[in-house]
Amino acid sequence: MIRALIARIRSLWRSLRGHSDLQAEMAEEFRLHVDLRADDLVRDGMSPAEARRQARLEFGSVERYRDEGRASRGLRPFDELRFSWLDVKLSLRMLVRYPGLTVVAGLAIAFGIWAGAGTFEMVTQLLRPTLPLDEGHRIVGIQLRNLETGGVERRALHEFVIWRGELTSVTDLGAFRTLERNLILGDGTGEPTMVAEMSASGFQVARVPPLLGRVLIEADERPDALPVVVIGYDIWQSRFGGDTQVVGRTVHLGSTRHTIVGVMPQGFAFPVSHRVWTPLRAGDPRYGPREGPSVQLFGRLTRGATVEQAQAELTTLGRSTTAESPDTHEFIRPWVMPFAAAMLNIPLGTMRTMTLGVLSTNLVPILLLLLICGNVALLIFARTAAREGELVVRSALGASRRRIVVQLFAEALALGAVGTMVGLAGASFGMRWAFGVVEALQGADLPFWFEPRLSTSTVLYAGVLTVLGAAIAGIVPAIKLTRGVGARLKAATAGGGGPRLGGIWSVVIVSQVAITVLFPAIAFIVREDGNRIPSLDLGFPAQEYVVVRLEMDREPPSTAPGDTSYAAFLARYGAAHQELERRLTDDPAVTGVTFAGRLPRMYHQWNQIEVDEGAIEPPDERGHRVSSAPIDVDYFEVLGTPVAAGRPFTVSDVTSGAQVVIVNTDFVEYVLGGRNPIGRRIRYIATETARTPTSEGPWYEIVGVAPDLGMTSGYGRSGIYHPSAPGDVYPVHMALRVRGDPGSFAPRVREAAMLVDPALRLHDLMPMNEITRADAEFYAFWFWLAVVVSSIALLLSLAGIYAVMSFAVSRRTREIGIRLALGAGSRRVVTAILARPLRQVGLGVLLGGALAGVLIMSIDLYQAGWAARAALFLGYAALMTGVCLLACIVPIRRALGVEPTEALRADA
């Protein structure tokens, strides 16, 4: 039974193959007669094109049969451009028939769609977000612009009090400011929490009912009202265990006691990313024009009102305020803005420029997709060229060129659809990953309108990219392959014809190979830069230290109001700092306490300096740039790293205001060339925040040299230390050397801080050896992204090179057979057949290697010498050349394995 079935299948296959051979013979005979008749017509004075057309018509050509067939079916020319169910089935069949092409090209397209859709979604959520609130498109922000300085005037409480009773085009006008307070429960435990001090109208703008209790109301804003607080769902779950009886409980925000009156539902974070809300008491009579705390204004457009109408009304109100207070409001103008732009402080004047700039970033993934689709087109071209006989038969049976192009486009579209589905899934996963990394790095939630999901517009955008990619990958090779498909049969039968790779494919191959070299180089640089900071030898046991960033509420306690100036705040902060340090020093588990503006392995701002004498020539026109940090006088003693030369700081250096500094050994080597630094003077002429050079700063005398303690910046590890006292710098980082496990000591630090002052806030409390954890996660994100890109580029390049080689061999099979029959050596055959593809690979490697070399040499990798960088560049270029040549192994073996007799018999 089975044998009979197999025999039947073989018989059917032989008959189909014989039918195909018969069709080819008939087509060749027909073409011979057409060519002879066309030559006669040309001799009679007819143009070559007209002569061939007339000859085909006289012999009952394909065009005639095609025209008659179309007319008999009632088809118009454009009807052949429509897709049919047959096109879909054939396209799906081709995906299954060529699994290698489907996997490689599908992954490539998926990567292009992933990059394009992900970028588009991020840009949309940044510039034109859809607020997930009821009629969110009507919520706007209002800014006061200072025309003189070009900045934003945040002291707008005076305008807020006036406008909320006079504005008609904007309803529920609200205001808020962001504070950071310790949320302290009844057991005395507290953690820093972002708080929105917001007017009650903010909840009316959001239109989200509470989960428990109530929201803020106008009565809560009265000066004599009891302090109340509304908490978010996450706070309710993490700090209160989801207690349904939480309403009515009391907590402390800093030094002030509040009563919980409501809990908001999960996901509510209005106005930006807040989880705790207290009432804003804006009606304080002490505040006049441009006085009081900084706030942000927002509201909801009334029904029927437009942004233009609201702007016109606010302009009128602004003129009235200017007339009443010309001294403070001469250059102040109100502006109505999109809510997200106002909350992110995007200047209105630069909104359009920024929009164009950010949107232009989407050109990068689009260009990447075009390049990928160009390479996919190369793969499809090579695959479809092998189906030339099929296309000839279809053309002879009446299929028009447009119909064949439509079918090939449908096949590319089916391939693109598969890749798009995978790409969209990858983009959705990638957004969740990226959002998590960003939130972990910045230690706070993203604005509530940022959602790790793909919008409908992004899916439609991906569909447009799919069609565009299918047009490039399908239509371009289809047009080339179907151009003169019938006329190519004679040349193909002779063994030297068929479609050939043009210059555009050479550009695609060279570009793809160049990118294959470039992306791994980027991954290498990211990896090296990421390993740079944690690999630094600190010279002391960092695992024995606990570090913490110490901050404090700016406002004095409500129970003891006093001076609100910044100097008074620093005095309070310094006193609390000293008391906390005293308590921690008295703890038996603590062997030392010190502080600094920045600790080892943290990023330090760079400074451009000038040395009075003895400095070596700067490495470039940017001059000598070094780090700096204020430190405690016993900093080196507590870290167990005494100064290597000169003297340490003393208390008198701080009390007397002496202009003295200590430099590290890296400074001595790279700024002074190893010369003795003691007694030399330096001064700052520019900083990272003030980059305009100046020579008005004071001179500092170098009194000591300290070891390198991981003082990193964007320009190396050279650094300068200044003596400081508690309260001189805000904020500071404390370092405690403890006995036992540093991680288990964290609760005792928090307890001591709460006893000193509830307004003290502790951030980033961790062992010192975990300081670089956030940086490591940042570099790991970009490294693995570069690895993914590199893998896709490498896979696609290998597939493209393989397709080129295979295509070259398949097109010249008979030539190879003849050369081998005539005694040509293997080396000469390989060189003749694969010379052009190998030149393309070599050019791509050279171009990509040059780009990678420029990139590597422009970045200071541990201040490596030029010889090391050149060796890295040459070694990497050689490695990638070898990898690219791996794709040539199978085609080369195929070329050398051609039997001359079989090649001649196949094409006879």
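You'll find the structure just up there.
A. Region of the structure containing the overall build of the chain. Across its full length, the chain carries 29 helices and 22 strands. The burial tally for the chain puts 47% of its 908 residues in the buried class. Nonlocal contacts in the chain, meaning residues at least 24 apart in sequence, comprise 79% of its contacts between residues at least 6 apart. Summed over all atoms, the accessible surface of the chain reaches about 43,300 Å², with 59% contributed by carbon and sulfur.

B. Examining the pairing of strand 1 (residues 139-146) more closely. The buried fraction of strand 1 amounts to eight of the eight residues, a majority that puts the element mostly inside the structure. Alternating residues of strand 1 divide into I139, G141, Q143 and R145 and V140, I142, L144 and N146, and every residue in both groups is buried. The pairing of strand 1 with strand 10 (residues 296-301) spans four bridges and is classified as antiparallel. Its bridge partner being in strand 10, V140 is matched across the sheet by G299.

C. Region of interest: the pattern of salt bridges. Tallying each qualifying case throughout the model produces 29 salt bridges. A salt bridge links R155 to E153; the shortest N-O distance between them is 2.9 Å. According to the relative accessible area criterion, E153 is buried, its value standing at 9%. Note that D612 is salt-bridged to R681, the shortest N-O span being 3.7 Å.

D. Summary view of the packing of aromatic side chains. Summed over all chains, the structure comprises 24 aromatic pairs. When the ring of F268 is compared with that of W277, the centres are 5.3 Å apart and the planes differ by 50°; the resulting orientation is tilted. The residues F268 and W277 share a single accessibility class, namely buried. The cationic tip of R625 hangs over the ring face of W606; the distance from NZ or CZ to the ring centre is 4.0 Å.

E. Representation of unusual backbone geometry within the structure. Residues F270 and P271 are joined by a peptide bond in cis, for which omega reads 5°. Along the polypeptide, P271 turns up in the loop between strand 8 (256-263) and strand 9 (276-279). Residue P731 is bonded to the preceding Y730 through a cis peptide linkage, with omega at -10°. Structurally, the position occupied by P731 is in the loop between strand 20 (719-723) and strand 21 (732-738). Positioned with a positive phi, E135 is a non-glycine residue whose angle comes to about 50°. Within the secondary structure, E135 sits in the loop between helix 5 (99-127) and strand 1. Even without being a glycine, D764 presents a positive backbone phi close to 50°. With respect to the helices and strands, the residue D764 is situated in strand 22 (residues 760-767). Look at D764 and you get partly exposed, because its relative accessible area is 46%.

F. Representation of the environment of E291. Mapped onto the fold, E291 is located in the loop between strand 9 and strand 10. Overall, E291 belongs to the partly exposed group, its relative accessible area being 39%. Taking the C-alpha atoms as reference points, E291 and R155, 136 residues apart in sequence, are found 5.7 Å from one another.

G. Focus on helix 9 (residues 307-324). Helix length check: helix 9 (18 residues) gives 26 Å between terminal C-alpha atoms against 26 Å at 1.5 Å per residue, within 8%. Among the residues of helix 9, A310, Q311, E313, L314, L317, G318, T321 and T322 are the ones counted as buried. On its buried face, helix 9 sits against strand 1, helix 6 (157-166), strand 3 (170-184), strand 10, helix 10 (326-329) and strand 11 (332-338).

H. Broad picture of the environment of Q204. Of note, Q204 is situated in helix 7 (residues 201-206). As a C-alpha pair, Q204 and G174 span 30 residues in sequence and 9.0 Å in three-dimensional space.

I. Looking closely at a nonpolar patch on the surface. On the surface, V103, L107 and L795 cluster together into a nonpolar patch covering about 230 Å² of accessible area. The class of L107 is partly exposed, set by a relative accessible area of 36%.

J. Just the packing of helix 19 (residues 566-586) against helix 23 (residues 746-756), in detail. Relative orientation of the contacting elements helix 19 and helix 23 amounts to 135°, with a least axis distance of 10 Å. Between helix 19 and helix 23, the crossing angle belongs to the class labelled oblique. The handedness of the crossing between helix 19 and helix 23 comes out as right-handed. Counted together, A576, E579, L580, R583 and L584 of helix 19 and V749, A752, A753, L755 and V756 of helix 23 form the full contact between these two elements.

K. Region of the structure containing helix 6. Looking only at helix 6, the buried set comprises L157, E159, F160 and W163. Seen from one end, helix 6 has its buried residues packed into an arc of 145°, which puts them on one side. Those residues of helix 6 hidden inside the fold are in contact with strand 1, strand 3, strand 10, helix 9, helix 10 and strand 11.

L. Representation of the side chain of T322 within the structure. Within the element layout of this structure, T322 appears in helix 9. For T322, a relative accessible area of 18% translates into the label buried. The residues contacting T322, other than those within four sequence positions of it, are H329, E330, I332 and R333.

M. Inspection of the pairing of strand 12 (residues 545-552) at higher detail. The buried count for strand 12 comes to eight of eight residues, which makes it a mostly enclosed element. Alternating positions in strand 12 separate into two faces, Y545, V547, R549 and E551 on one and V546, V548, L550 and M552 on the other, with burial throughout. Direction of pairing for strand 12 relative to strand 21: antiparallel, over a ladder of six bridges. Bridging from a neighbouring strand, Y545 pairs with R737 of strand 21. In terms of strand pairing, strand 12 meets strand 22 through six bridges, oriented antiparallel. Directly across from V547, in strand 22, lies its bridge partner M766.

N. Here's a closer look at the nonpolar core. Residues F203, F270, W277, F339, V376, F448 and W449 are the most contacted members of the largest nonpolar core, which totals 64 residues. Counting residues per element, this core draws most heavily on helix 15 (residues 401-442), which supplies eight residues. Once residues lying within four places of it in the same chain are set aside, the contact partners of F203 are M198, V208, V215, L216, V230, M264, F268 and W277. Within the second largest apolar cluster, 29 residues are counted, among which are Y573, L736, A753 and L762.

Calculation rules
Residues numbered from 1 in each chain as written. Predicted model: local features only at pLDDT ≥ 70, side-chain atom pairs only at ≥ 80, totals over all residues. Heavy atoms only, no water. Helix = DSSP H or I, 4+ residues; strand = E, 2+ residues; numbered from the N terminus. Buried < 20%, exposed > 50% of the residue type's maximum accessible area, 1.4 Å probe, protein only. Contact = heavy atoms within 4.5 Å. Areas by Shrake-Rupley, 256 points an atom, 1.4 Å probe, with all protein chains shown as cover. Pairing = 2+ DSSP bridges. Salt bridge = Lys/Arg side-chain N within 4 Å of Asp/Glu carboxyl O. Phe/Tyr/Trp six-rings, centres within 6.5 Å; stacked < 30°, edge-to-face > 60°. Lys NZ or Arg CZ within 6 Å of the ring centre and 35° of its normal. Expected span 1.5 Å × (residues − 1). Patch = residues over 30% accessible without salt bridge, like charges linked within 9 Å, V, L, I, M, F, W, Y side chains within 5 Å. Axes fitted to C-alpha atoms, helices over the stretch in contact; angles between N-to-C directions. Parallel < 35°, antiparallel > 145°, perpendicular 65-115°, else oblique. Left-handed = near helix turned anticlockwise from the far one by under 90°. Arc of directions from axis to C-beta. Core = buried A, V, L, I, M, F, W, Y, C linked by side-chain atoms within 4.5 Å.

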